[in-house]
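Fold and contact review
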Number of protein chains: 2
Amino acid sequence: MDLIDVFKKKKIGDSVKIEGWVRNNRDQKEFGFIDFYDGTSINTLQIVYDKSLANFDEVSHILAGTSIEAEGVLVESNGKQEYELKPSKITIIGDCPSDYPIQPKRHTMEFLRSVAYLRPRTKTFQAVFKIRSVAAMAIHEYMQTNNYVYVHTPLITTADCEGSDQMFKITTFDLDNVPKTKDNKADYSKDLFGKKTWITGSGQLHGETFAMAFKKIYTFGPTFRTENSNTKTHANEFWMIEPEMAFMHLDDLMDEEERTLKFIVKYVLKNAGDEIDFLDKFVSKGLRDKLEKLTKSKFVRITHHDAIDLLLKSGEKWEFTPDYESDIAKEHEKWITDHFNSPVFIYNWPKDIKAWYMKLNDDGKTVAAVDLEVPGSGELMGGSEREVDLDKLNELIKVHNVDRNQIEWYINLRKFGSCYHSGYGMGFERLIMYLTGIENIRDVIPYPRTPGNCEY
Amino acid sequence: MDLIDVFKKKKIGDSVKIEGWVRNNRDQKEFGFIDFYDGTSINTLQIVYDKSLANFDEVSHILAGTSIEAEGVLVESNGKQEYELKPSKITIIGDCPSDYPIQPKRHTMEFLRSVAYLRPRTKTFQAVFKIRSVAAMAIHEYMQTNNYVYVHTPLITTADCEGSDQMFKITTFDLDNVPKTKDNKADYSKDLFGKKTWITGSGQLHGETFAMAFKKIYTFGPTFRTENSNTKTHANEFWMIEPEMAFMHLDDLMDEEERTLKFIVKYVLKNAGDEIDFLDKFVSKGLRDKLEKLTKSKFVRITHHDAIDLLLKSGEKWEFTPDYESDIAKEHEKWITDHFNSPVFIYNWPKDIKAWYMKLNDDGKTVAAVDLEVPGSGELMGGSEREVDLDKLNELIKVHNVDRNQIEWYINLRKFGSCYHSGYGMGFERLIMYLTGIENIRDVIPYPRTPGNCEY
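Let me begin by describing the structure that accompanies this report. This structure is a prediction, so every number in the text was calculated from the model and none was measured.

1. Some thoughts on the overall build of chain A
Counting its regular elements, chain A contains 13 helices and 16 strands. In terms of overall dimensions, chain A has C-alpha extents of about 85 × 60 × 45 Å along its principal axes. When the accessible surface of chain A is totalled, it reaches about 18,200 Å², and 47% of it is carbon and sulfur. Separation between the mean location of the 60 positive side-chain charges and that of the 72 negative ones in chain A comes to 1 Å.

Given below as structure tokens:
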């Protein structure tokens, strides 16, 4: 029986049989205590055994990490929990040596990264990866109950319109010996697809083709960038959610982003409440308050222009001077969310610093783009209304030097029953960092890939 | 308002405002009929307009594919549907030329593949991709309500233990000019990760590390194989689900696979019933019956040895003679599921034709592997109990020529609180082909990647 079902369904006096692992075993002469877990709950069950066990001596020598099967009856506990297990039988399934790296003490996050295949056994990572799983479910739940269709956009792609310098190449070639053409270039006609291929950094363009068929769609899958950047927030492999909605303008996009994020946070509070409380207590003080507050707040909306105004008038000393034509720095994001004490949508950005497919506003200077900034984490969602005017789109494609041959199909969407539509992207790890209070992206991904690091 | 919500919540006499596309427009002199859809439902709403519309002339010339906004009242219909829309206003949002490829007539699947970015607008693909989305949700729903944790195993990997010849290489190198070492090999120290990396073909090994922490986990993500195979069932990019369960033997694995598959099929019948009925009528006669039958059947269980016995005694003429030491051919799969008229688990396979990590049975000849064969589609799930005996595992690693340096961590799982455990893989496209009756994998993936084909 799963331990979480024991906690949910069983009461004092009930018999249970459980399999799992020993987090700690404190043996006295005549009795002992095992902290038992099986990973289905962040909480442990205390097993209090004594000499009535046939193999008392063996059990009293069980080391941390050992897997066991235990049978017995739930009895009243003197501890913090409602009950403990009085075992009639404990069987060792797999033992564990004394040099097992995960001992019942505090380990640093750095050390745990070095044993990434064992760290999910610690309470902190049980909380983090459970929340990651529950948050993924929250996204699917929200989307599917709101008539979104989940689309698996392709990862292998020949369209490098996001900038192929940021994309990994994928090939079947032996890199020691790449087949060459007469003029000494790689001969892609000999590769599996017969052409140069990349692993994509976004499913948005393909997603739009499905939004033009299903009205509301979302992608949710792995994404890759070659960025050679060793910061706390960059990884070369990460997961992303990219919803795209037909018949939606920028205002409605902000409404929808707000609804979606609040749903996710509420869902996680409801379905991983114990994990949130654990992290609140040991990792990120105030986490539950922060999340509950978000679900109740009304997100602020401010144009990029007005945000820059505020920053300039704030009287703060900035490392980067706020500028009407430029992006907003981390220090600015922080000041703005602190100032409003709330999540903030910043919209209508200068066109030159945003992507080519964003809708040009009537002022000719800004695009209908919006970034959501949240207290403590900065940018969480980035979206826009899309340019659907064929002439303007063609102009943008030219200005941004996009190869239109690769995306003729995308341009054609504007010819065949086109409509105003909007979408956004949310980095899933960014969301998990927000939900857990964990500050390094390496600690919210099972096996992180960063420059120079591809272990396991 | 989404059309599916109109169908669910609105009744005759209600006013509605909807945005979507025109599937067909048949205009008479004094009135006309628009088949309206927005992709949230496979069903269309008939809009019956007449000269009371201010722009009657414009509306009567609307071509298929045009996007519109329509306002009006639901009135009784003489047709098959409960009601139709009597519009007070129809606004054209985006027009569509007469050479629009998707016309209101039957197109071949081959033609539709050539306009893959438009095919989701056809009814057949609206059904297929909606079912794909609903089936994905079914999997998450089953797993999460049964205490599984969703794990995002890495796609970029340095472990080529599944056979690197079947894996794509991933690199940041300019393939025209790969950096070389002194002995003229590719100099991976100059690549982003500082070593040779692939895109994975399975998350199982990484998944096992999490099953040893969370008891029950599943992966669900894209997977890649370089197989140069142009069949109806092979693609180079596909999605896979790989659950892994600690404290589970082979018998329980079969129970769990059966429960899981039945849940998925029931969920799809319940949540995409209209789509199933559409495909039943126009694409795959008997589809609903086939699926309903599966949910009620008790799956048969037979050893590989006994299955070969049956095949040999069947009196059939085989292209491939059944053999106790060999795999089972497609023709055998078909005969067996026909014979039992039910899904069939074939278990205890000859060890030499199965993977190196499968548990060796006491006979020393077979492994505790199981394939699930379903009527009409052949193999749908493939799983096994895993080898946990360290000596046997070391022997298997040697026999199969696996590079143990790359998977020291995997081997170590057997040292630190090891336990009996099992898992299986299910190809998601295989499942969708089963659920839809669609016979070519290219028609159940949004943008299929097959040898020589990487369009869009």
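2. Remarks on the side chain of Arg132 of chain A
Following the sequence through the fold, Arg132 of chain A ends up in helix α4 (residues 123-145). What makes Arg132 of chain A buried here is its relative accessible area of 2%. One polar contact links the side chain of Arg132 of chain A to the main-chain carbonyl oxygen of Val444 of chain A, over a distance of 2.7 Å. Excluding residues within four positions of it along the chain, Arg132 of chain A makes contact with Trp239, Phe428, Glu429, Ile432, Val444, Ile445 and Pro446 of chain A together with His152 of chain B.

3. So, the relation of the copies chain B and chain A
Each copy of the sequence occupies a distinct position, and chain B is placed on chain A by a rotation of 180° and an axial shift of 0.0 Å, giving an RMSD of 0.0 Å. On the angle and the small slide along the axis, the relation comes out as a two-fold axis. For chain B, the smallest separation between a C-alpha atom and the rotation axis is recorded for Ile170 of chain B, amounting to 2.3 Å. Most of the interface of chain B is mirrored in chain A, where 100% of its interface residues again form contacts.

4. Let's talk about the interface of chain B and chain A
Between chain B and chain A, the residue contacts involve 113 residues of the former and 113 residues of the latter. Where chain B touches chain A, the interface holds 10 salt bridges. Close ionic contact of Asp2 of chain A with Lys215 of chain B constitutes a salt bridge, the shortest N to O distance being 2.8 Å. Summed over the shared surface of chain B and chain A, the result is 55 residue pairs in polar contact (both at pLDDT 80 or more). Partitioned by chemical class, the residues of the side of chain B that touches chain A number 57 nonpolar, 33 polar and 23 charged. Examined bridge by bridge, strand β8 (residues 169-171) of chain A and strand β8 (residues 169-171) of chain B share three bridges and lie antiparallel to one another. When the sheet's bridge partners are listed, Ile170 of chain A is paired in β8 of chain B with Ile170 of chain B.

5. Considerations on the packing of helix α5 (residues 204-214) of chain A against helix α4 (residues 123-145) of chain B
Contact geometry for α5 of chain A and α4 of chain B: axes closest at 11 Å, N-to-C directions at 115°. With respect to α4 of chain B, the axis of α5 of chain A lies roughly perpendicular. Considering only the axes of α5 of chain A and α4 of chain B, their crossing is left-handed. Of α4 of chain B, the residues touching α5 of chain A (which contributes Phe210, Ala213 and Phe214 of chain A) are Phe125, Gln126, Phe129 and Lys130 of chain B. For the contact of α5 of chain A with α4 of chain B, a count of residues per class yields five nonpolar, one polar and one charged.

6. Observations regarding the sheet that holds strand β12 (residues 300-303) of chain B
All names here are of chain B. In space, the eight strands of this open sheet follow the order β6-β10-β11-β16-β15-β14-β13-β12, with mixed pairing throughout. Either end of the sheet is taken by a strand with one partner, and the two such strands are β6 (149-150) and β12. The sheet contacts of helix α5 (residues 204-214) involve β6, β10 (216-224), β11 (237-246) and β16 (421-427), and relative to β11 the element is tilted by about 30°.

7. As for the packing of aromatic side chains
Both the distance between ring centres and the angle between the ring planes are used here to describe each pair of aromatic rings. As enumerated under the stated definition, the model contains 58 aromatic pairs over all chains in all. For the pair Trp356 of chain A and Tyr410 of chain A, a centre-to-centre distance of 5.7 Å together with 80° between the ring planes defines the contact as edge-to-face. In this pair, Trp356 of chain A sits in the loop between β13 (344-350) and β14 (366-374) while Tyr410 of chain A sits in helix α12 (residues 408-412), placing the two residues 54 residues apart along the sequence. Each member of the pair, Trp356 of chain A as well as Tyr410 of chain A, carries the same accessibility label: buried. Taken together, a centroid distance of 6.5 Å and an interplanar angle of 40° make the contact between Trp409 of chain A and Tyr447 of chain B tilted. A residue pair is termed interchain when its members come from two chains, as with Trp409 of chain A in helix α12 and Tyr447 of chain B in the segment after α13 (428-436). Per residue, the accessibility class of Trp409 of chain A equals that of Tyr447 of chain B, and both read buried. Put simply, the rings of Tyr117, Phe125, Phe129, Tyr447 and Tyr456 of chain A together with Phe210, Phe214, Trp356, Tyr357, Trp409 and Tyr410 of chain B pair up and form one aromatic cluster. Looking at Lys290 of chain B, its charged tip hangs above the ring of Tyr434 of chain B, at a distance of 4.1 Å from the centre.

How each quantity is defined
- Residues numbered from 1 in each chain as written.
- Chains lettered and ligands numbered in written order.
- Predicted model: local features only at pLDDT ≥ 70, side-chain atom pairs only at ≥ 80, totals over all residues.
- Heavy atoms only, no water.
- Helix = DSSP H or I, 4+ residues; strand = E, 2+ residues; numbered from the N terminus.
- Areas by Shrake-Rupley, 256 points an atom, 1.4 Å probe, with all protein chains shown as cover.
- Lys, Arg positive; Asp, Glu negative; His and termini not counted.
- Charge placed at Lys NZ, Arg CZ, Asp CG, Glu CD.
- Buried < 20%, exposed > 50% of the residue type's maximum accessible area, 1.4 Å probe, protein only.
- Polar contact = N/O pair within 3.5 Å; in protein donor to acceptor, adjacent residues only side chain to side chain.
- Contact = heavy atoms within 4.5 Å.
- Least-squares fit on C-alpha atoms with pLDDT ≥ 70 in both.
- Salt bridge = Lys/Arg side-chain N within 4 Å of Asp/Glu carboxyl O.
- Nonpolar A, V, L, I, M, F, W, Y, C, P; charged D, E, K, R; others polar.
- Pairing = 2+ DSSP bridges.
- Axes fitted to C-alpha atoms, helices over the stretch in contact; angles between N-to-C directions.
- Parallel < 35°, antiparallel > 145°, perpendicular 65-115°, else oblique.
- Left-handed = near helix turned anticlockwise from the far one by under 90°.
- Phe/Tyr/Trp six-rings, centres within 6.5 Å; stacked < 30°, edge-to-face > 60°.
- Lys NZ or Arg CZ within 6 Å of the ring centre and 35° of its normal.

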